[in-house]
Amino acid sequence: MTDDTDAALDSRTSWLISVLGLVLLTLIWGMIFTFTVYSQAIETAFGLSSLRVSTIFSITTAAFMIAGGLIGILIARAPLRPVVAVSGVVFALAVGLMQLTTAYPALVLLFGLLGTAGGTVFVIVISLVPQWFDEYEGRAMGVTFIGNGLGVLILPPVWVFLLERMSISAALLAVGWTTAAVILLSSTVYRRPPGVRATAAASVDVGWVRDRLTNRAFVVSLAGFSLLWSWYFVLSVDLVAILTTGGIGRTVAATAFGIVGGVSVVTRLAGGAVADRIGIRVTLTGGVVLAAIGMGGLPLVSTQLSMYVVLVLFGIGLGVVAPLFSPILLNRFGAANATALIGIFNIGEAVTAISVPILLNVLTEVSGGYTLPLVLVFVLTLLGGWLFYRGTAPQAA
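Owing to the predicted nature of the structure, the values given are computational and were not obtained by experimental measurement. (Residues numbered from 1 in each chain as written. Predicted model: local features only at pLDDT ≥ 70, side-chain atom pairs only at ≥ 80, totals over all residues. Heavy atoms only, no water.)

*Asks:* Looking at this structure, how should I read the overall build of the protein chain?
*Replies:* Check the secondary structure of the protein chain and you find 18 helices and 0 strands. For 397 residues, the compact-globule formula gives about 21 Å, and the C-alpha radius of gyration of the protein chain, at 20 Å, lands near that figure. Projecting the C-alpha coordinates of the protein chain onto the three principal axes gives extents of approximately 60 × 50 × 35 Å. Split into buried and exposed, the 397 residues of the protein chain put 57% on the buried side. Taking the intrachain contacts of the protein chain between residues at least 6 apart in sequence as the baseline, contacts between residues at least 24 apart amount to 84%. Split by element, the accessible area of the protein chain, about 15,500 Å² in all, is 67% carbon and sulfur. Separation between the mean location of the 18 positive side-chain charges and that of the 15 negative ones in the protein chain comes to 2 Å. (Helix = DSSP H or I, 4+ residues; strand = E, 2+ residues; numbered from the N terminus. Rg over C-alpha atoms; globule rule 2.2 N^0.38 Å. Buried < 20%, exposed > 50% of the residue type's maximum accessible area, 1.4 Å probe, protein only. Contact = heavy atoms within 4.5 Å. Areas by Shrake-Rupley, 256 points an atom, 1.4 Å probe, with all protein chains shown as cover. Lys, Arg positive; Asp, Glu negative; His and termini not counted. Charge placed at Lys NZ, Arg CZ, Asp CG, Glu CD.)

Spelled out as structure tokens, the structure:
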């Protein structure tokens, strides 16, 4: 480690990058993954079926994971500032053009661009922040990943407030352009630490990717990581509908995702402290188990009390898993070419993001209810947690 790197790590610039990451994740995650709150407004305003609206969310999420992941691989050796700036411009253009069309294909394209820009920034944030810290890496990641929780805590009431006063198109413009402005602001400071910029990391090419995808532990970890998020994508797109089907009022149900985010904000920092005592992989697996239990209990929710119980389980699971997976992956498979590494796992997760909401919708129609699909998601979540735990075991094991 060079003297320049020593001076840069844990510095004011480091914390600025971490805090900007918090704000970015709050806005980006809050806009894309609170789709369940404003999906009906899109369905009504644009005359779309519930399946088409579900498909828009799946494509947006897939673009977030796949395109963001691919770009993460491509920019492993590139300067980050221009990439962040271009992402901000694309984000602004996508929501701006939504004001000019009601056509389903155009909406799919524009939401896809939104997901691509958001996914690119996400990969940069979660791979860059750890590189700027040494002594306070865990705390910094906890601070940054609070943004995911704040996004699903703050944005649902914001959507409700805006939709009571304006059209869905205007609401998307207000939130989207605010997000784009913060992305452009971040582009002025987002860069790799000096020592990392000077390091000659292995080139990211087809051979580099092939070596990872032929590594058994890597593939098992990738499969597990993809599956363990199954529960989250169900909540993102269908939580309000599931709760209202169980008898919960729509106004109360609309706040449910925010409660998950609120609980997760508290547990993100607490989860790091627990991980230091019992181990980071064990802690993450515990979080996955709690989220799976919440999914198993979701079909039984019929009162506000039972709803709050499962929401707390989801919140603890999210708060534990979100900040811990990135350090686990970088520690197990190396921090060189961090954006490329995280990018590959984002692509794997995209398979779940695409398939689970659509699978849920189809199985619900076939079975006549949510019970069977949610039990399946419960099983997939537990399987993912087990595979990720096995795949990221230290090499000596």
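*Asks:* Which parts of the structure should I look at to understand a nonpolar patch on the surface?
*Replies:* Taken together, the side chains of V89, L93, L97, L100 and L184 define a hydrophobic patch exposed on the protein surface, amounting to about 470 Å² of accessible area. Here the nonpolar patch gets 3 residues from one element, more than from any other, and that element is helix α5 (residues 80-97). By the secondary structure assignment, L93 is in helix α5. The exposed category is assigned to L93, whose relative accessible area is 53%. (Patch = residues over 30% accessible without salt bridge, like charges linked within 9 Å, V, L, I, M, F, W, Y side chains within 5 Å. Salt bridge = Lys/Arg side-chain N within 4 Å of Asp/Glu carboxyl O.)

*Asks:* Sorry if this is basic, but what is going on with the pattern of salt bridges here?
*Replies:* Oppositely charged side chains may form a pair once their charged atoms are brought near each other. Summed over the entire model, instances satisfying the criterion amount to 1 salt bridge. We note a salt bridge from R165 to E164, for which the minimum N-O separation is 3.4 Å. Taken as a pair, R165 and E164 share a single burial class, namely exposed.

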